[in-house]
Each structure stands twice: as C-alpha cells, then as structure tokens.
Amino acid sequence: MAQHQFQTEVSRLLHLIIHSLYSNREIFLRELVSNASDALDKLKYLTVADDVYKSINFEPRIDISFNKDAKTLTISDNGIGMNEADLIDSLGTIARSGTKAFVEKLAADARKDSNLIGQFGVGFYSAFMVADKIEVTSRKAAEETAWKWSSDGKEGFEIESAVRDSQGTTVLLHLTDEGTEYANRWSIEDIIKRYSNHVAFPIYLTYDEKEWDDGNQGSSGSEKGSKTKTDRINSGTAIWRRSKTELKDEDYNEFYKQLGHDTDEPLHYIHTKAEGTLEYSTIFYIPKKAPFDMYNVDYKPGVKLYVKRVFITDDDKELMPTWLRFVRGVIDSEDLPLNVSREILQQNKILLNIKNASVKKLLSEFKAMADNAAAGSDEAKQKWTDFISQFNRPLKEGLYQDFANRDAIQDLVRFKSTAVEGSSGWTSFADYVSRMKSDQKHIYYITGGDEKTLRSSPLLEAYRAKEIEVLIMDDEIDDIVIPSLHSYRQTKGLLETPGTDGKSESQTWELKAVNRAGADEELGEKKDNAAEKEAKPVIEKLKKALGDRVKDVKLSRRLHDSPSCIVADENDPSIQMAQMMKAMGGGMEVPDIKPILEVNGDHPIVAGLKDVDDETRIADVAGVLLDQALLVEGVKLKDPADFVKRLNRLLS
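Residues numbered from 1 in each chain as written. Predicted model: local features only at pLDDT ≥ 70, side-chain atom pairs only at ≥ 80, totals over all residues. Heavy atoms only, no water.

Asks: Quick rundown of the overall build of the protein? Include the residues and the values.
Replies: Regarding its fold elements, the protein presents 19 helices and 22 strands. Counting all 652 residues of the protein, 50% fall into the buried class. A separation of at least 24 residues holds for 70% of the contacts in the protein among residues at least 6 apart in sequence. Of the accessible surface of the protein, which amounts to about 31900 Å², a share of 46% is contributed by carbon and sulfur atoms. (Helix = DSSP H or I, 4+ residues; strand = E, 2+ residues; numbered from the N terminus. Buried < 20%, exposed > 50% of the residue type's maximum accessible area, 1.4 Å probe, protein only. Contact = heavy atoms within 4.5 Å. Areas by Shrake-Rupley, 256 points an atom, 1.4 Å probe, with all protein chains shown as cover.)

Asks: Lay out the sheet that holds strand S5 (residues 146–151) in plain terms, naming residues and giving numbers.
Replies: Sheet strands line up and pair through hydrogen bonds in the backbone, either parallel or antiparallel. The mixed open sheet is built from nine strands, whose spatial order is S1-S6-S5-S4-S7-S3-S2-S8-S9. Looking at the sheet topology across the chains shown, the edges are occupied by strand S1 (2–5) and strand S9 (223–232). Strand-to-strand twist in this sheet, taken as the mean axis angle between neighbours without regard to direction, amounts to 20°. As defined by bridge partners, S1 adjoins strand S6 (residues 156–162) across four bridges and the pair is classed as antiparallel. (Pairing = 2+ DSSP bridges. Axes fitted to C-alpha atoms, helices over the stretch in contact; angles between N-to-C directions.)

Asks: Describe in detail the environment of valine 606, supporting the description with residues and values.
Replies: Note on placement: valine 606 falls in helix H17 (residues 604–607). The exposure class of valine 606 is buried, given its relative accessible area of 3%. In this structure the C-alpha to C-alpha distance between valine 606 and proline 563, which are 43 residues apart in sequence, comes to 6.8 Å. Aside from chain neighbours lying at most four places away, what touches valine 606 is Val538, Pro563, Val599, Asn600, Gly601 and Leu625.

Asks: Give me the pairing of S6: which residues, what numbers.
Replies: Summarising the sheet, S5 and S6 pair through five bridges and their orientation is antiparallel. Looking at the pairing, tryptophan 149 lines up with isoleucine 159 of S6.

Asks: Describe the packing of helix H9 (residues 378–401) against helix H14 (residues 478–485), and please don't skip the residues or the numbers.
Replies: Where H9 meets H14, the axes come as close as 9 Å, and the angle between the chain directions of the two elements is 40°. Looking at the two axes, H9 sits oblique to H14. Both H9 and H14 take part in a crossing whose hand is left-handed. Between H9, through Lys396, Leu399 and Tyr400, and H14, the contact on the second element is made entirely by Asp478, Ile480, Val481, Ser484 and Leu485. Within the contact of H9 with H14, the residues separate by chemical class into five nonpolar, one polar and two charged. (Parallel < 35°, antiparallel > 145°, perpendicular 65-115°, else oblique. Left-handed = near helix turned anticlockwise from the far one by under 90°. Nonpolar A, V, L, I, M, F, W, Y, C, P; charged D, E, K, R; others polar.)

Asks: Any chance you could break down helix H8 (residues 349–375) for me, citing the residues and the numbers?
Replies: The periodicity of an α-helix, 3.6 residues per turn, causes residues three or four places apart in sequence to face the same way. In this model, H8 (27 residues) spans 39 Å end to end at C-alpha, consistent with the 39 Å of a helix rising 1.5 Å per residue. Its side-chain oxygen at 2.9 Å from the backbone nitrogen of isoleucine 350, asparagine 348 defines the N-terminal cap of H8. (Expected span 1.5 Å × (residues − 1). Polar contact = N/O pair within 3.5 Å; in protein donor to acceptor, adjacent residues only side chain to side chain.)

Asks: An account of the packing of H8 against H9 is needed here, citing residue identities and associated values.
Replies: Pairs of packed helices are described in terms of their axes, by the angle between the two and the distance that separates them. Where H8 meets H9, the axes come as close as 9 Å, and the angle between the chain directions of the two elements is 135°. When the interaxial angle is binned, H8 and H9 end up oblique. Of the two possible hands of crossing, H8 and H9 adopt the one that is left-handed. Here Phe366, Met369, Ala370, Asn372 and Ala373 of H8 lie close against H9, whose contacting residues are Ala380, Lys381, Lys383, Trp384, Phe387 and Leu395.

Asks: An account of the sheet that holds strand S13 (residues 310–313) is needed here, citing residue identities and associated values.
Replies: The strand order across the open sheet built from five strands is S10-S11-S14-S12-S13, with neighbouring strands paired in mixed fashion. Looking at the sheet topology across the chains shown, the edges are occupied by strand S10 (268–274) and S13. Between one strand axis and the next, the sheet turns through 20° on average, direction left out of account. One ladder, built from seven bridges, connects S10 with strand S11 (residues 280–286); its direction is antiparallel. Bridge pairing links threonine 272 to threonine 282 in S11. The strands that helix H2 (residues 27–49) touches are strand S12 (303–307) and S13; relative to S13, the one it contacts most, it runs at about 95°. Contacts from helix H6 (residues 249–260) reach S10, S11, S12 and strand S14 (328–333) within the one sheet, and its direction differs from that of S11 by about 80°.

Asks: Which residues make up the packing of aromatic side chains, and what values do they have?
Replies: Under the definition given, this model contains 21 aromatic pairs. Where phenylalanine 124 meets tryptophan 149, the ring centres are 5.6 Å apart and the plane angle is 80°; that geometry is what we call edge-to-face. Taken together, the positions of phenylalanine 124 in the loop between helix H4 (99–108) and strand S4 (131–139) and tryptophan 149 in strand S5 put the pair 25 residues apart, joining distant regions of the chain. Neither residue differs from the other here; phenylalanine 124 and tryptophan 149 are each classed as buried. Members of the aromatic cluster, each reached through a chain of ring pairs, are Trp240, Tyr252, Phe255, Tyr256, Tyr269, Tyr285, Tyr306 and Phe311. Directly above the ring of tyrosine 299 sits lysine 317, whose terminal nitrogen or CZ lies 4.3 Å from the centroid. One residue, lysine 416, lies across the ring of tryptophan 426, its end atom 4.8 Å from the ring centre. (Phe/Tyr/Trp six-rings, centres within 6.5 Å; stacked < 30°, edge-to-face > 60°. Lys NZ or Arg CZ within 6 Å of the ring centre and 35° of its normal.)

Asks: Kindly report on the nonpolar core, identifying the contributing residues and their values.
Replies: The biggest cluster of nonpolar side chains holds 129 residues, and the ones touching the most others in it are Ile64, Ile134, Trp149, Leu173, Phe366, Phe387 and Ile443. The leading source of residues in this core is H2, at 11 residues. Apart from the residues within four sequence positions on either side, leucine 173 is in contact with Phe28, Leu32, Lys71, Thr72, Leu73, Ile75, Ala127, Val130, Ala131, Lys133 and Ile134. (Core = buried A, V, L, I, M, F, W, Y, C linked by side-chain atoms within 4.5 Å.)

Asks: Outline unusual backbone geometry, listing residues and values.
Replies: Comment: phi is negative for the bulk of residues other than glycine, and the bulk of peptide bonds are trans. Of note, lysine 71 is a non-glycine position whose phi angle comes to about 55°, a positive value. Within the secondary structure layout, lysine 71 lies in the loop between strand S2 (62–67) and strand S3 (72–77). Backbone geometry at arginine 309 places phi at a positive 70°, although glycine is not the residue there. Along the chain, arginine 309 turns up in the loop between S12 and S13.

Asks: Which residues make up a negative patch on the surface, and what are the values?
Replies: A cluster of acidic side chains, namely Asp249, Glu250, Asp264 and Glu265, defines a negative patch on the protein surface. With respect to the helices and strands, the residue aspartate 264 is situated in the loop between H6 and S10. (Patch = residues over 30% accessible without salt bridge, like charges linked within 9 Å, V, L, I, M, F, W, Y side chains within 5 Å. Salt bridge = Lys/Arg side-chain N within 4 Å of Asp/Glu carboxyl O. Lys, Arg positive; Asp, Glu negative; His and termini not counted. Charge placed at Lys NZ, Arg CZ, Asp CG, Glu CD.)

Asks: How would you explain the environment of lysine 68 if you had to name every residue and give the values?
Replies: Along the chain, lysine 68 falls in the loop between S2 and S3. In this structure the C-alpha to C-alpha distance between lysine 68 and alanine 183, which are 115 residues apart in sequence, comes to 5.5 Å. Other than its neighbours up to four places away in sequence, lysine 68 contacts Ala183 and Asn184.

In short, geometric facts, not functional conclusions.
Below is the structure:
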C-alpha cells in the first residue's frame, strides 16, 4: 500500500470543505454522477473510434446503492476507468489554474462555497461534505489491474492494488452522521431527478423494499420481510434531441445545472434543430455569472461536441470563437464521422458551417434580448443589464477578433456616457447617434482606467459646454478595440421604397478620441491668433522647463476651468495603452510615451507666468501643471516626492 500526500491546494480545499458549513450539500451526488457520465462518454467514443476498445462488452450504466446501517453510499459506472497514475493525477492534485482563486473564495464566504465547487472543476472533493472517508476502486478499460484509492480527506491518501471484474469506477462513501440523510431511496431519487435526469445513460438505484403479509402497508398488515429491487431513476433522453414543444423551462434548467455544474438557473437558453444540407441539434446556455476562468489563457471550453449522440470532446476551443467562451451547451451533428480527430475538427468544413450558423444564432438572440429590454418589462431590462454586466467585455473582444460579425456585435456592446448618470446606465452606439446634435459629424469617446476619473477629466470641459455627449470607456480593452473599429456603421434595415431592390440603408460615423491631439479642432472653436501670440512666451517657458518630459506644449482650445491637461499624439498609443503594454511585459522593451501638455492660457496659474523670469519658479509651475494633469488621468507619478516638493515651494 503506497502512501501519498495531497497537493497543497487540495489539502486547503479539503480542510475548508470538512470544517465549514454548506448551504447545498446535496450537490455532491450531482458531481459524482456527472463524473461517471463523463467516464461513460469517453469509453463510448473509444469503442466506436479505436480498435483497441471495440471488443469491450459495453452496456453503459450508472449504479447507485446504499446501506443505511453501515452508513455507506456507492456510485458505480462501467466507463473508461482509471489506473494508478490516473488516480494520483485526478484525485491527488488539481492541475487546473484558478484553484488558488477558488480556495480563496471558499475561505472568504463559506455560506456560498458549495455553489462554486462544480464550477471550479473540483467536484469530486465535494463528497467530503457528507463523508469522512472515501474509497475509489477503478480499473481502466483495456487493462487487467484494478486499483483502490482511499482517503479520510485530511493529510493524504493511499493507493493499493484491488480487484474489479470489469472496467469502470466505484466510489464508496462512508457517510458522516449528517450525511446519512442521503442513504435513502427518496433523497437519492429526488436529487437525481432534479440535477441529473437528463444524463444520457441509465442511472439505476438498488434498494430494499419491504413486503407485507397482505400485500399492502398499513395498520391491517404486518411486515414479513423485504426484497431487493433495482429501478431506473432518470429519463436518460438527450434533451437537445427532443422537440421544443414537449420541453418546459424546468427541463432546460435541470439540464443546464448538470451540464454547467451550476446551482443557478441560466440567464437564457437557445435550442435549435437544423435540417437540410446539414443536420444538427444545438442547445446553448448563457450563465447568470461569468465563468471563473473566463479571462484565463487556459480557460475550460463550455461546449460539448457529439456525433449521432456519441460524445466526441468537451475540450476543443474550436467549437466556439474565443469571444463566446462564456457560452455553455451541446452541438450534436449527424454529418461528422464518428472517428473525427481534433486535428480534423480544426479544419472541418461541416463543423465550420455549424459554428458560423451557431454564432449568428447567438447574436440574433442577444439582439432580441436587447430589443426586449428597450421596449419590454422591468424583467427584460434587468435580464439585459445582467447580461451586459457579465459579458460586455468578451463582446468587445468580438469586435476585434470577428470581422465577419462586427456589424452585429457593434450594436450589442455598451458603454457608459456623459449623457447617462449612474453605475447601471449603459449606452449603445445607436443610443448615442439618436441623441447627436444635427450638425455633429463624429462619435466622441474618452478612454482610461476609472469611470469616476474620466467623468471629471478636464478634457470634457469644452464638450460639456457645447452639450456634446462623450462615451466613457473605462475598460482597458477599449484602448485596443475602439481604434481598430475606427467607425460605427448603422444599418436601418431593408428599404420598403419601390425601386431600391431591397438594399439596406446605412450611415457611418467616425469614432474620435477626445484625449488625442487635434480632437479639439472639430469643436467649432475658431483659432484665436491673438491669444496664441500672447501666450507664446509662456508656452516657450514651459517647453524649456519640461524638456524631454513632454512631446510638446500647446495652447488648449478645450479647457475652460482647468489649467492643464495631457493628450496623446495621433500616432502614439494612449497613456493607458502604454501602461498596459508595460504590464504585459514579455521581455519586450516598451519605450516611454511622452504626452502632449495642453494649457489654458486664461487660467491665472498659466497667465501668471507671463512676467516671471525666475527659472526655478517656472520649473516648479511647469512640473506641477504636468503632474496634476497626469494624476487627473489616473497616471501614477514616477517621482511623487518631487511633485510634493515643487507644490510646497509654490504654496510657501
């Protein structure tokens, strides 16, 4: 018998599971049944696609039994099984990134922890919520040796050779006193029907049924014994193959919870069955909350691929574009070959057509949600707000990545705006255009790292004065996406006017960043040559004092109240983009981006320099004007101490 220590993160996880209070302990059975279903899926595929496994006698099933007196619960399958190395890798370590974040969340809020277990891919360990010891006996398909893994969930686990008649895995739970409530027929049936009813394989429950001398239980009869019975307790029909007319919301919600390892109901679902040139069925879900690993490079894909109801893969990122990685669901094709490989999948035209059609279907559903919110009930509005708050950022990624669907995506993304106050107020490009002044030619926006800072930016003063709306883009991805978008094209739909041949009417507006040099030229402010001539000596003093800290110093036409602001040259990345490039690093040298300082010639601080010749005072004023402009834009100063010294000298 070999002794093994748990990986550090597993030990912390188990400690929290065993010593915390849980709001929904029953999900342990859903997780174990889901693992068994995955094992059956994998072997079913191999018996079709791999000659090594074709000779295996395979009648897929999951069996559950319990012994109330011994306080045990058993879940068994005849799926792919595990060997010694698999048991160590699967049950002794957690190889997926994000585990540390999960453990931290678990520790931070024990009342919500059980809702996170399946989402973080550590569902097996949830069994320690109800058991003080677990034994796993498994034999891998096409191998002769079986192995038993056992642990009390404390410091480590033991592995030894074992005996099992056929391939598969048996999980034996030694229940705690609190866990014995699940060692009965009615609890197990209820949990399976709520969480695992749509598992594609039969789930059988073995139990003892009492017999009565008159055939009926009641006051007139007496118990004469019991007999062992085995009943199937799930429907086992692939929900995506069933007609939408025979399904209810409850059916879709139950399947989602089993598929997505989620205790919440989905925000939205889409069920499609295509017939014709291509035959396939899809069912897609939008979660209420973003997956925990949505921004990880090694995120877990959420869509499973089946061919003729045979599971093929749930680990292929080619099934959905990256920007739709939050979608959960199933694709089942009638036209793909069963032995299709991952390499073939990446270049398969059938799958590409299904993928493209699915993306367009999802986009049309997102648009319907937005339209319903605009003209519908408070519930529809809240649903759309929830969707945008969770998935607005990946939609923006779609603008950058998915050129073919860019027009549809740009109608879905949302931004904050100077015309809409409040943290929940979202504005679309179409909303902005509908509020534009009649003589306005561009859509104006400002990028940066913080909404509050951007709303108070001096760069907006002239736009406020002229009542011109500016979009607030406080997501770091905006600095990448919006410049690549360049413009917004609004398509009004098919014209009904005779003679137009059904063409769509569209209009395009260029997107203009207000924190770029030259943006103020479009505000309609006439160039004041006299003012520029008068301010020229001050500008020259500031340029000399600042030296190579700035690219240029200019008289501003956009400032009304503030003394200074910074803008980026048209050909340079923004300050925020430069900071993001440095943070990404990767060994690449990122040169310092020098801003352009714009000053308000009418402001007393700037105007007061006209008759000043003291170079130290000019240098102090110039440094403070630049540093405060940087601070207002949320930029961290390189030398805060120098800024304080200059400010103190000026104050004294």
